Amino acid sequence: MGGERGTIHQPSFRSRVIAVLSGLFLAGPVFAGGLGLASPGGYGLKIYRADYSLYPFVQVYFRTFDHKQQPLVNLNVLNIGLMVKGRAYDPMKRQYEIQSIRQRQEATRTVLVLDASKSMRGQPFEAAVRAAGRFIDSKRPQDEVAILSIRDRKEGYDLVSQFERDPGALGLRLLDVVADGQKTRLYDSIGAAMQLCGMAAQGSISPTSSNYIVSCSIVVFSDGLDDGSALSREELNARITSLTLPIPIYSLAYSRTSNAYFKNLESLSKNSFGIYYLVGETVARMQPIVEEIQNILQSDYVVTFRSYVPVDGEAHAFKLGVEYPTGSGKFTYEGASFEAIEPPPMPAIQQQIERLSHSIPALADDNPYFSQAATGQRSVPSVVPESELIAPRK
C-alpha cells in the first residue's frame, strides 16, 4: 500500500504524459520543425504527412531518429503526447493510438539513382547494381521503386523504370543499365528523381485507400562528380529546402580514384533529412547500407487521433510529442496542421471511418482533453495561442 516504507513508486502513465506535454510549452525543443539533425545524445522527430481524408480521424505519419540517424524502436502510447490547438489530449480517454508503418498497408516510394558514367565501370558499378538489387529484394510487396541511371541523354539521365512493385520486373530493368556515360549530370538527375517522387503511379500500380503513399526517398550511388548539369548544387539545395514534404536523399559515396567530390553528396543528404554514407573503395559495404536504409524507411510511425474540432473547412494546428525512452524526461516535438473537412460519401471511405470509430469510439461529452482538476497542477495551460505551436517560447 502507498505510504509503506521501502516501497518504490513508479510514475503513473498519466503523470508521465503530463510531464511530456508540460515540456512542449516550457522547454526548448531538441528538434522542432524544418530539416536537421538530432543534437548530440538526443533524438529527433519529423512529420511527413497529416492525412485528414477520413475526418474526424487524422493520421499523422512521422519518422524518428537518434543522434546516429537511426530510428527509435518500439514506440507506444506511453511515449506519445498530443495537443490540438494548444489543448492536451488525455491519454486515459484513449482518443489516439500509434502503430509502426511496418505492420500497415501504406506504401513507401524510393527512386534509385545510379551513376552510369564510364568512370564507374568495373567493380564499383557492379557493386552498386548488386546493392540496388538487394534494396529491391528487401522491400515490402506494396512498396514502389523507380530507377534512374545517369547517362548521356538529352535530359542527362535515362528513366530505367517508372515506379513499380514487382521485384522481378525491376531486377530485369536494372540489369539493362550499362556504365557508358561520358558526362555525369548528377544534379539534374537528382532533380528529376525529386520530380518523379511527386508523380502519380503508373503502369502496374493502382493506388487505393489500402496502399496510400506515405513517403518518397532517393538513394544515390555515385562519386559525387557533377559535369554539365543545368542545376547547380546551390539551386538543388534551395529546391530541397523549399519542399513542403521532405524527400530524404541517402547517398552512397564511392570511388576507386578520388573522394574529391564526395562533399557534394554529403551536402545534399544533410540538407534533405537523409544520410551520407562514406563508402570509399570498400564497395562491399553497399549491401549492408541499403538494408539499413530499408529498415529506416519501414520504421516510420503513424499516430491516429479523433478530432473534436467541428467541420469548418479551416486549418487547425496540432503538436505531436515523443518521450524516449519512456519515463526518461527527454522529449522532442513537431508541429503541423489538419483541415476540418467533411469526407466525401464514398463507400470505401465510409468503411474506413467506421473501422476507426470502432477502434477509437467517440466520447459522450466530446472532450478528449486534460482538465485542470484532472492534472492537479497548472503546468499545462488549457489554451495556448496557435502562433506558439510553430516556434518555442523565447
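Fair warning: this is a prediction, and the values are worked out from it, not measured in the lab. (Residues numbered from 1 in each chain as written. Predicted model: local features only at pLDDT ≥ 70, side-chain atom pairs only at ≥ 80, totals over all residues. Heavy atoms only, no water.)

Moving on, we come to the side chain of Ser 255. Among the structural elements, Ser 255 can be located in the loop between strand E10 (249-254) and helix H6 (262-271). For Ser 255, a relative accessible area of 8% corresponds to the buried category. One polar contact links the side chain of Ser 255 to the main-chain carbonyl oxygen of Ser 258, over a distance of 3.0 Å. When neighbours within four sequence positions are excluded, Ser 255 is seen to be in contact with Asp 223, Phe 262, Gly 280 and Glu 281. (Helix = DSSP H or I, 4+ residues; strand = E, 2+ residues; numbered from the N terminus. Buried < 20%, exposed > 50% of the residue type's maximum accessible area, 1.4 Å probe, protein only. Polar contact = N/O pair within 3.5 Å; in protein donor to acceptor, adjacent residues only side chain to side chain. Contact = heavy atoms within 4.5 Å.)

Across the sheet, four strands lie side by side as E4-E3-E13-E14; this open sheet has antiparallel pairing. Each of the sheet's edge strands pairs with one partner strand only, and the pair in question is strand E4 (87-88) and strand E14 (331-339). (Pairing = 2+ DSSP bridges.)

So, about the packing of aromatic side chains. Summed over all chains, the structure comprises 12 aromatic pairs. On the basis of an interplanar angle of 70 degrees and a centroid distance of 6.1 Å, the ring pair of Tyr 43 and Tyr 324 is categorised as edge-to-face. Placement of Tyr 43 in strand E1 (residues 43-54) and of Tyr 324 in the loop between strand E13 (315-323) and E14 is noted, with a sequence separation of 281 residues between them. Note on Tyr 324: relative accessible area 23%, which makes it partly exposed. Between the aromatic rings of Phe 305 and Phe 338, the centroid separation amounts to 5.9 Å while the plane-to-plane angle is 70 degrees, which identifies the pairing as edge-to-face. Taken together, the residues Phe 305 in strand E12 (residues 301-306) and Phe 338 in strand E14 connect sequence positions 33 residues apart. There is no split in this pair, since Phe 305 and Phe 338 are both buried. Each residue in the set Tyr 55, Tyr 89, Tyr 96, Phe 305, Phe 318, Phe 338 and Tyr 369 is aromatic and connected to the rest through ring pairs, giving one cluster. Geometry around Phe 163 places Arg 109 over its ring, the cationic atom sitting 4.4 Å from the centre. (Phe/Tyr/Trp six-rings, centres within 6.5 Å; stacked < 30°, edge-to-face > 60°. Lys NZ or Arg CZ within 6 Å of the ring centre and 35° of its normal.)

Right, let's talk about the confidence of the model for the protein chain for a bit. In the predicted model, the protein chain carries a mean pLDDT of 83, and the fraction of residues at 70 or more is 81%. Ranking the helices and strands of the protein chain by mean pLDDT puts E12 first, with 97, and helix H1 (residues 13-26) last, with 51. Low confidence marks residues 1-11, where pLDDT is under 50. Its contacts with residues over four positions away, or in another chain, come to four contacts. (pLDDT = per-residue confidence, 0-100.)

If you look at the biggest cluster of nonpolar residues, it comprises 34 residues, and the most contacted ones within it are Phe 221, Leu 252, Met 286 and Ile 293. When contributions to this core are tallied by element, the ones reaching two or more residues are strand E6 (107-115), helix H2 (123-137), strand E7 (144-150), helix H3 (167-175), strand E9 (213-222), E10, strand E11 (276-280) and helix H7 (286-297). Looking at this core element by element, the count peaks at eight residues for H2. Here Ile 293 is in contact with Phe 135, Val 219, Tyr 250, Leu 252 and Tyr 277, once residues within four sequence places are set aside. (Core = buried A, V, L, I, M, F, W, Y, C linked by side-chain atoms within 4.5 Å.)

Quick look at the state of the cysteines now. If you walk through the whole model with that rule in mind, you get one disulfide. Two residues share a disulfide in this structure: Cys 197 and Cys 216, whose sulfurs sit 2.1 Å from each other. The sign of the S-S torsion, about -70 degrees, decides the handedness of the disulfide formed by Cys 197 and Cys 216: left-handed. With a gap of 19 residues between them, Cys 197 in helix H4 (residues 186-197) and Cys 216 in strand E9 connect regions that are remote in the sequence. Judged by relative accessible area, which is 11%, Cys 197 ranks as buried. (Disulfide = S-S within 2.5 Å.)

Each neighbour pair has its own omega, and for Tyr 55 with Pro 56 the value is 20 degrees, a cis peptide bond. Inspection of the secondary structure assignment puts Pro 56 in the loop between E1 and strand E2 (57-66). At the junction of Tyr 324 and Pro 325, the peptide bond is cis and its omega measures out at -10 degrees in the coordinates. On the secondary structure map, Pro 325 appears in the loop between E13 and E14. We note that Arg 94 has phi near 55 degrees; this positive angle belongs to a residue other than glycine. Secondary-structure assignment places Arg 94 in the loop between E4 and strand E5 (96-100). Exposure remark for Arg 94: the relative accessible area of 64% places this residue in the exposed category. Backbone geometry at Asp 366 places phi at a positive 55 degrees, although glycine is not the residue there.

Take H3 next. Taken as a whole, H3 has its buried residues at Ala 169, Leu 170 and Leu 174. End-on, the buried residues of H3 take up no more than an arc of 135 degrees, which puts them together on one face. In H3, the exposed residues that point more than 90 degrees away from the buried face are Leu 172 and Leu 175. In this structure, the buried residues of H3 make contact with E6, H2, E7 and strand E8 (158-164). Where H3 starts, the residue carrying a side-chain oxygen 3.0 Å from the main-chain nitrogen of Gly 168 turns out to be Asp 166. (Arc of directions from axis to C-beta.)

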